[in-house]
Amino acid sequence: MSSLSQRKSDHLDIVLNSAPGAKKCTNGFEKWRFGHCALPELHLDDIDLSTSLFGRTLNAPLLISSMTGGTRRASQINQHLALAAQALGLAMGVGSQRVALESEANYGLTRELRAFAPDVVLMANLGAAQIAGRQGIDYARRAVETLAADALIIHLNPLQEALQHGGDRNWCGVIDAIQRTVEALPVPVVVKEVGSGLSVTVARQLAAAGVAMLDVAGAGGTSWARVEGERAVTAHDRAVAMAFADWGIPTATALQDLHQALPDMPLVASGGIANGIEVAKAIRLGASVVGQAAGVLQSALTSSEAVIDHFQVIIAQLRVACFCTGSANLAQLRQAPLVAQS
């Protein structure tokens, strides 16, 4: 196994084995509470949760977020996720395709994945460091073509790279590289953080570069600083990494700030999304769709049926949240009373 593949495998193990109480930083949604409607005047089964993304219809505003790439387990995981996305009518983003593009091992990141999910919004994925490299445009085109993807996600992970042994240290010229990629690709470009959140300043830069959608990917979910701390070989590296375990902008804060600053920019809310009530809160605070990754990882290791069961629970919770706010659809949910708790 290559060092990159081993790193990806280590990441999966650490995320899967993380203790629920290990997190200190929350995603911020607990600070918000919906007003309850005791007379919804609706039929629960008639509530419309559908939306559209990049020209395709989603049955619910959910994105199976970028999870894994570059390890043998990724092939089975992505197959389970793709089959579930197709069955439920959800969107899906794959993990980083760097290893698949740089080696002979594709780990299931091929047109076969599209065959499992012919009707879903499927998004390719590369890191900013690869986009900014000499082969950036070629990598981006190949990533999209390999999957017959509807969009390309470029992920920003400067904190993780700074703490990672052998990580990419040179982040000069990344915004120009993103703009070149936007101009070169025939599909939309989405930019996401990986768990530390996007600030308004960065979001404005990305909007000016022509990015079609932003994923706030805020703090409160998987802490990649903590993950890299667990992987650290030396006490020095572990100490440096663990100091940043709770670093970042909480998901709800980043989402609210970006929606207020850029009201016309489509937003994905991800970062520690736990259930359908938090999905509803995210939609109310400005998200177009809501992403989840680590929360479904255990199910993804089991079967596509387990993934379907997992998201059916979230969809049912979202439907009840709409019902109890008197919202017949997502447009009405976006106007539902939501109060910040002191």
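Residues numbered from 1 in each chain as written. Predicted model: local features only at pLDDT ≥ 70, side-chain atom pairs only at ≥ 80, totals over all residues. Heavy atoms only, no water.

You'll find the protein chain entered in an unreviewed UniProt entry as Isopentenyl-diphosphate delta-isomerase, with Silvania hatchlandensis given as the organism. Database annotation for the protein chain, UniProt heading Subcellular location (unreviewed entry): "Cytoplasm". The annotation that UniProt attaches to the protein chain under Function (unreviewed entry) is "Involved in the biosynthesis of isoprenoids. Catalyzes the 1,3-allylic rearrangement of the homoallylic substrate isopentenyl (IPP) to its allylic isomer, dimethylallyl diphosphate (DMAPP)." (UniProt positions renumbered as here; feature names shortened; annotations may be inferred.)

Caption draft 1: Representation of the overall build of the protein chain within the structure. Along its length, the protein chain carries 16 helices and 12 strands. For 342 residues, the compact-globule estimate of 2.2 N^0.38 gives 20 Å, and the protein chain sits close to it at 19 Å. Here the protein chain holds 342 residues, and the buried ones make up 52% of them. Long-range contacts, defined here as pairs at least 24 residues apart, represent 77% of the contacts in the protein chain between residues at least 6 apart. Counting only carbon and sulfur atoms, one obtains 50% of the accessible surface of the protein chain, whose full area is about 14700 Å². (Helix = DSSP H or I, 4+ residues; strand = E, 2+ residues; numbered from the N terminus. Rg over C-alpha atoms; globule rule 2.2 N^0.38 Å. Buried < 20%, exposed > 50% of the residue type's maximum accessible area, 1.4 Å probe, protein only. Contact = heavy atoms within 4.5 Å. Areas by Shrake-Rupley, 256 points an atom, 1.4 Å probe, with all protein chains shown as cover.)

Caption draft 2: Expanded view of the pairing of strand S8 (residues 189-193). Buried residues dominate S8, accounting for five of its five residues. The side-chain alternation of S8 yields two buried faces, one formed by Val189, Val191 and Glu193 and the other by Val190 and Lys192. Note that strand S7 (residues 151-156) and S8 share five bridges and pair parallel. Residue pairing for S8: Leu152 is matched across the bridge by Val189. Note: S8 against strand S9 (residues 213-215), three bridges, orientation parallel. By the bridge assignment, Val190 is partnered in S9 with Met213. (Pairing = 2+ DSSP bridges.)

Caption draft 3: Summary view of the pattern of salt bridges. What the rule picks out here adds up to seven salt bridges. Between Asp138 and Arg142 there is a salt bridge whose closest N-O contact spans 3.6 Å. Placement of both Asp138 and Arg142 in helix H6 (residues 136-147) is noted, with a separation of four residues, approximately one turn of the helix. We classify Asp138 as partly exposed; its relative accessible area is 37%. For Glu228, the salt bridge identified is with Arg231, shortest N-O distance 2.9 Å. Residue Glu228 and its partner Arg231 are located together in helix H10 (residues 224-231), separated by three residues, close to a single helical turn. Judged by its relative accessible area of 3%, Glu228 falls in the buried class. (Salt bridge = Lys/Arg side-chain N within 4 Å of Asp/Glu carboxyl O.)

Caption draft 4: A look at the pairing of strand S11 (residues 289-292). Residues Val289 and Gly291 of S11 are buried on one face, and the alternating residues Val290 and Gln292, pointing to the opposite face, are buried as well. Summarising the sheet, strand S4 (residues 62-64) and S11 pair through three bridges and their orientation is parallel. Bridge pairing links Ile64 to Gln292 in S11. Of the strand pairs in this sheet, strand S10 (residues 267-269) and S11 are connected by two bridges, and their pairing is parallel. In the sheet register, Ala269 faces S11, and the bridge partner there is Val290.

Caption draft 5: Quick peek at the UniProt feature "binding site: substrate" (unreviewed entry) in the protein chain. The sites that UniProt annotates as "binding site: substrate" (unreviewed entry) are Arg7, Lys8, Ser96, Gln97, Arg98 and Gln160. Relative to the helices and strands, Gln97 is located in the loop between strand S5 (91-93) and helix H3 (98-102). Among the secondary structure elements, Gln160 is positioned in helix H7 (residues 158-163). Given a relative accessible area of 8%, Gln160 falls into the buried group.

Caption draft 6: Spatial organisation of helix H12 (residues 251-261). For H12, every residue scored as buried is listed here: Thr251, Ala252, Ala254, Leu255 and Leu258. The arc that holds every buried residue of H12, seen down its axis, measures 165°, which confines them to one face. Buried residues along H12 sit in contact with strand S1 (32-34), helix H9 (200-208), S9, S10 and helix H13 (276-284). (Arc of directions from axis to C-beta.)

Caption draft 7: The sheet that holds S10, seen in detail. Around the barrel, eight strands lie side by side as S4-S5-S6-S7-S8-S9-S10-S11; this closed barrel has parallel pairing. Averaged over neighbouring strand pairs, the angle between their axes works out to 30° when direction is ignored. Pairing analysis gives two bridges linking S4 to S5, with the strands arranged parallel. Each bridged residue has a counterpart across the sheet, and for Ile64 the counterpart in S5 is Met92. (Axes fitted to C-alpha atoms, helices over the stretch in contact; angles between N-to-C directions.)

Caption draft 8: Looking closely at the UniProt feature "binding site: Mg(2+)" (unreviewed entry) in the protein chain. The positions that UniProt labels "binding site: Mg(2+)" (unreviewed entry) are, in the present scheme, Glu161. Along the chain, Glu161 falls in helix H7. For Glu161, a relative accessible area of 8% puts it in the buried group. Non-local contacts of Glu161, meaning those with residues more than four positions away in its chain, are made with Gly167, Asp168, Arg169 and Trp171.

Caption draft 9: Representation of unusual backbone geometry. Positive phi outside glycine occurs at Glu41, with the angle close to 50°. Note that Glu41 resides in the loop between S1 and strand S2 (51-53). A positive phi angle, near 35°, is found at Ala217, a position not held by glycine. Among the secondary structure elements, Ala217 is positioned in the loop between S9 and H10.

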